[in-house]
Amino acid sequence: MSEDSSLAQAKVLNKGINHLTLQVSNLTRSLAFYIDQLGFCGEVRWASGAYLSYGDAWLCLSLGEPNIDANDYTHYAFDVSEQTLQALQKRQAEFNVWQANQSEGGSIYIADPDGHKLEFHIGSLSSRLASLKQEPYKGLIWL
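Residues numbered from 1 in each chain as written. Predicted model: local features only at pLDDT ≥ 70, side-chain atom pairs only at ≥ 80, totals over all residues. Heavy atoms only, no water.

(A) Spatial organisation of the sheet that holds strand S5 (residues 76–79). Strand order in the open sheet made by the 4 strands is S5-S8-S7-S6, with mixed pairing throughout. Edge strands, defined here as strands with exactly one partner in the open sheet, are S5 and strand S6 (96–99). Across the sheet, the mean angle from the axis of one strand to that of its neighbour is 35°, orientation sign disregarded. Bridging between strand S7 (residues 107–111) and strand S8 (residues 117–121) involves 5 bridges; their strand directions are antiparallel. (Pairing = 2+ DSSP bridges. Helix = DSSP H or I, 4+ residues; strand = E, 2+ residues; numbered from the N terminus. Axes fitted to C-alpha atoms, helices over the stretch in contact; angles between N-to-C directions.)

So, in structure tokens, the structure goes:
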């Protein structure tokens, strides 16, 4: 089997993102933020880190010195229900909101205590692609 066909076969077997790891400067503060304010489920904690879950997502918090570029659009999006999004939006004054929602699907964009940019989003790739058929981005090319 060629390398190309092995890669094509592997694509079929890919299951998605396994986990995210975020470096945080204060583990106790970050745990309070993710668990108490955002509803993540705490799994385990140790001297230099913690594992949290959020639906099917697994988040590792790793103690260290984060290097966050405030001008970078990189962010981490989590799938939420309409009810959860509404609850977060009602409490948005408690959060560092870094952007207003400008695309299909409801979202709230907040930063964690270290500046990691998070998005809590209703929608899917399918709903986003459907919206692009109605209102394409400038220069959009379908692949």
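(B) Expanded view of the packing of aromatic side chains. Taken as a whole and assessed by the stated rule, the structure comprises 13 aromatic pairs. A centroid spacing of 6.3 Å and a plane angle of 90° characterise the contact between Phe33 and Phe95, whose relative ring orientation is edge-to-face. Of the two residues, Phe33 is situated in helix H2 (residues 27–37) and Phe95 in the loop between helix H3 (82–90) and S6; the sequence distance between them amounts to 62 residues. Classification of Phe33 as buried rests on a relative accessible area of 6%. The class of Phe95 is buried, set by a relative accessible area of 9%. Ring centres of Phe40 and Phe78 lie 5.2 Å apart, and the angle between their planes is 80°; this geometry places the pair in the edge-to-face category. Taken as a pair, Phe40 in the loop between H2 and strand S2 (41–46) and Phe78 in strand S5 lie far apart in primary sequence, 38 residues in all. With respect to class, Phe40 is no different from Phe78; both count as buried. The ring of Trp98 carries Lys117 above its face, with NZ or CZ at 5.1 Å from the centroid. (Phe/Tyr/Trp six-rings, centres within 6.5 Å; stacked < 30°, edge-to-face > 60°. Buried < 20%, exposed > 50% of the residue type's maximum accessible area, 1.4 Å probe, protein only. Lys NZ or Arg CZ within 6 Å of the ring centre and 35° of its normal.)

(C) Quick peek at the pairing of S2. Bridging between S2 and strand S3 (residues 49–54) involves 5 bridges; their strand directions are antiparallel. Pairing of Val44 across the sheet is with Tyr51, part of S3. In sequence, S2 turns back onto S3 through a hairpin of 2 residues.

(D) Summary view of the nonpolar core. Grouped together as the largest cluster of nonpolar side chains are 22 residues, with contacts concentrated most on Tyr34, Leu38, Phe40, Leu61, Ile110, Leu118 and Phe120. Elements represented by at least two residues in this core include exactly strand S1 (20–24), H2, S3, strand S4 (57–63), H3, S7 and S8. Examining the composition of this core, we find that 4 residues originate from one element, H2, more than from any other. Beyond its immediate sequence surroundings of up to four residues, Ile110 is in contact with Phe33, Leu38, Phe95, Asn96, Val97, Trp98, His116, Lys117, Leu118 and Phe120. (Core = buried A, V, L, I, M, F, W, Y, C linked by side-chain atoms within 4.5 Å. Contact = heavy atoms within 4.5 Å.)

(E) Here's a closer look at the sheet that holds S4. Overall, mixed pairing links the 4 strands, which are arranged S1-S4-S3-S2 in an open sheet. In this open sheet, the two strands that pair with only one neighbour each are S1 and S2. Across the sheet, the mean angle from the axis of one strand to that of its neighbour is 20°, orientation sign disregarded.

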